[in-house]
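Working through the structure, step by step
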Amino acid sequence: MTLAFSKVAIIGAGAMGRGIAQIAAQAGSQVWLYDTQPEAIAKARDAVFQQWDKLQEKGRLTAEAVAGHKSRLLGAASLQDLAECELVVEAIVERLDIKKSLFTDLEKVLAPSAVLVTNTSSLSVTAIAAALQRPAQFAGYHFFNPVPLMKVIEVIAGLKTDPAVCQRLSEFARQMGHTPVQAQDTPGFIVNHAGRGYSTEALRIVSEGIADFATIDRILRDQVGFKLGPFELFDLTALDVSHHVIEAIYHQYYEEPRYRPNVITAQRLAGGVVGKKVGEGFYKYVDGAAQVPA
Ligand code: NAI
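Residues numbered from 1 in each chain as written. Predicted model: local features only at pLDDT ≥ 70, side-chain atom pairs only at ≥ 80, totals over all residues.

1. Thoughts on the overall build of the chain
- Looking only at helices and strands, the chain features 11 helices and 10 strands.
- Its C-alpha radius of gyration of 19 Å places the chain within 12% of the 19 Å reference for a compact globule of 294 residues.
- Projected onto the principal axes, the alpha-carbon positions of the chain cover approximately 55 × 50 × 30 Å.
- Looking at the chain alone, contacts between residues at least 24 apart form 63% of all its contacts between residues at least 6 apart. (Helix = DSSP H or I, 4+ residues; strand = E, 2+ residues; numbered from the N terminus. Rg over C-alpha atoms; globule rule 2.2 N^0.38 Å. Contact = placed C-beta atoms within 7 Å.)

If you want it as structure tokens, here you go:
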């Protein structure tokens, strides 16, 4: 099999970057992980290596496959180390100005044929591309958390994206074992737009005193059949990501009332109780397990 991209860089070694690095290395690409916090790279590589070790223990990967995957997941010390990459996937903080500045720097380092993509949840692909010299080589490539388990990737063309770039990205999604879905460059694309109904309405139910968050989760998970309740999902995504997504979609739709953010998430973000990754969100976590209020 010829890989659509054999040399891939992932920028941002957080929750998403590490998952994307994992599935790209599993597909057979050489992967470089870069982050402004060098300790984040080491942590991400350790976490992915542990995943592979566990899969080997369960008999789902051979020792040879694990050794191969590990040899393909490298850290990078600077953007200059990424000069030969054919694809760069950005998974950094959800801020338009910071993403634009990163892509401007990347364009100076990479070959003109390189494809640059953003994993943004809610920002306009076209708005980021407007800062670039080569907007035809730029697209949205939106993964879901946790990346190895969530098998869909939204492929988003900006106004100037070359359709051949989207086709190549879709082929690579399939090579990573995922299902590509073409999405328009509209606020929240498909999934996070549909998700407004799930999360924003759940916050309204709590603020109107109709039910508490744990009850809403229990009903939607156990009775209705969603994998996670909306507040479990907030805790997994983390409010330092999802509250900004809610705000970005609301503003891009010209303050349409049905997308209005809620003070509950704004206050929790300000208080630092952002989710599972810090040990407390809507739920408190002990050894990774949510403590459900009595
Ligand atoms: P995170 O906070 O876990 O990780 C972000 C990483 O980026 C951190 O390690 C940080 O040090 C690094 N970083 C920040 N600025 C940087 C820069 N200028 N250059 C290099 N590294 C930098 O964030 P997470 O959750 O992985 O989200 C990343 C992106 O993925 C965001 O755009 C988010 O909207 C999107 N996303 C998040 C999902 C989620 O469920 N958390 C789902 C789908 C997309």
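Let us keep going from here.
2. Observations concerning the domain arrangement of the chain
- Split by domain assignment, the chain resolves into domain 1 (7–183) and domain 2 (191–279).
- On a C-alpha basis, the centres of domain 1 and domain 2 stand 26 Å from each other.
- On the domain 2 side, the residues contacting the nine residues of domain 1 number 11 residues.
- Partitioned by chemical class, the residues of the side of domain 1 that touches domain 2 number three nonpolar, four polar and two charged. (Domains from an automatic or database assignment. Nonpolar A, V, L, I, M, F, W, Y, C, P; charged D, E, K, R; others polar.)

3. So, the environment of Met 16
- Positionally, Met 16 belongs in helix α1 (residues 15–27).
- Residue Met 16 is classed as buried on the basis of its 24 C-beta neighbours within 10 Å.
- Residues Met 16 and Ala 65, 49 residues apart in the sequence, show an inter-C-alpha distance of 23 Å.
- The contact partners of Met 16, leaving out residues within four places of it in the chain, are Ala 91, Asn 119, Phe 143, Asn 145 and Val 147. (Buried ≥ 20, exposed ≤ 12 C-beta atoms within 10 Å, placed from the backbone.)

4. Some points on the pairing of strand β4 (residues 87–90)
- Burial of the side chains of β4 extends over both faces: Leu 87 and Val 89 are buried on one face and Val 88 and Glu 90 on the other.
- Bridge count for strand β1 (residues 7–11) against β4 is four bridges, and the pairing is parallel. Bridge pairing in β4 links Ala 9 to Val 88.
- Bridge count between β4 and strand β5 (residues 115–118): four bridges; the pairing is parallel. Counted as the bridge partner of Val 88 is Leu 116 from β5.
- Remark: the β4/helix α4 (residues 96–109)/β5 crossover connection has right-handed handedness. (Pairing = 2+ DSSP bridges. Right-handed = clockwise from strand over helix to strand, strands pointing away.)

5. Quick word on the site of the ligand
- Every one of the 26 residues lining the ligand counts as a neighbour, but Gly 12, Gly 14, Met 16, Ser 121 and Asn 145 are closest to it.
- Of all elements in the fold, only α1 and α4 reach the threshold of two or more residues within the shell around the ligand.
- When its residues are assigned to classes, the shell around the ligand shows 14 nonpolar, 10 polar and two charged.
- Split by domain, the residues of the shell around the ligand number at least three in each of domain 1 (7–183) and domain 2 (191–279). (Near = placed C-beta within 6 Å.)

6. What to know about helix α2 (residues 38–57)
- A rise of 1.5 Å per residue sets the reference length of α2, with its 20 residues, at 28 Å; its end C-alpha atoms lie 29 Å apart and thus fit the reference within 8%.
- Burial in α2 covers these residues: Ile 41, Ala 44, Val 48 and Trp 52. Looking straight down α2, one finds its buried side chains confined to an arc of 70°; they lie on one side. In α2, the exposed positions angled more than 90 degrees off the buried face are occupied by Glu 39, Asp 46, Gln 50, Lys 54 and Glu 57.
- On its buried face, α2 is in contact with α1, β2 (30–34), α3 (63–71) and β3 (73–75).
- In the segment just after α2, Gly 59 is the residue with positive phi, at about 80°. (Expected span 1.5 Å × (residues − 1). Arc of directions from axis to C-beta.)

7. Examining the packing of α2 against α3
- Put simply, α2 and α3 touch, their axes get as near as 9 Å, and they point 170° apart. In terms of their interaxial angle, α2 and α3 are classed as roughly antiparallel. Listed contacts from α3 to Phe 49, Trp 52, Asp 53 and Gln 56 of α2 are Ala 63, Val 66, His 69 and Lys 70.
- Grouping the amino acids of the contact of α2 with α3 by side-chain chemistry returns four nonpolar, two polar and two charged. (Axes fitted to C-alpha atoms, helices over the stretch in contact; angles between N-to-C directions. Parallel < 35°, antiparallel > 145°, perpendicular 65-115°, else oblique.)

8. Describing the nonpolar core
- Ranked by internal contacts, the top residues of the largest apolar core, which has 67 residues, are Ala 9, Ile 10, Ile 20, Ala 21, Leu 33, Val 88 and Ala 139.
- Broken down by element, the residue count for this core peaks at eight residues, all from α1.
- Two domains each provide a minimum of three residues to this core, namely domain 1 (7–183) and domain 2 (191–279).
- Excluding its chain neighbours within four sequence positions, the residues that come into contact with Val 88 are Ala 9, Ile 11, Leu 82, Leu 106, Leu 110, Ala 114 and Leu 116.
- Formed by 12 residues, the second largest nonpolar core is a distinct cluster that contains Phe 213, Ile 216, Leu 220 and Leu 233. (Core = buried A, V, L, I, M, F, W, Y, C linked by C-beta atoms within 7 Å.)

9. Looking at the sheet that holds strand β6 (residues 138–142)
- Pairing is mixed across the open sheet formed by eight strands, whose spatial order is β3-β2-β1-β4-β5-β6-β7-β8. Two strands lie at the open edges of the sheet, namely β3 and β8 (179–183), each paired on one side alone. Neighbour-to-neighbour, the strand axes of this sheet turn through a mean angle of 25°, independent of strand direction.
- Direction of pairing for β2 relative to β3: parallel, over a ladder of three bridges. Its bridge partner being in β3, Leu 33 is matched across the sheet by Gly 75.
- Packing of α1 onto the sheet brings it into contact with β1, β2, β3 and β4, and relative to β2 it is tilted by some 165°.
- Packed onto the sheet, helix α6 (residues 163–175) meets β5, β6, β7 (152–157) and β8 and runs at close to 170° relative to β7.

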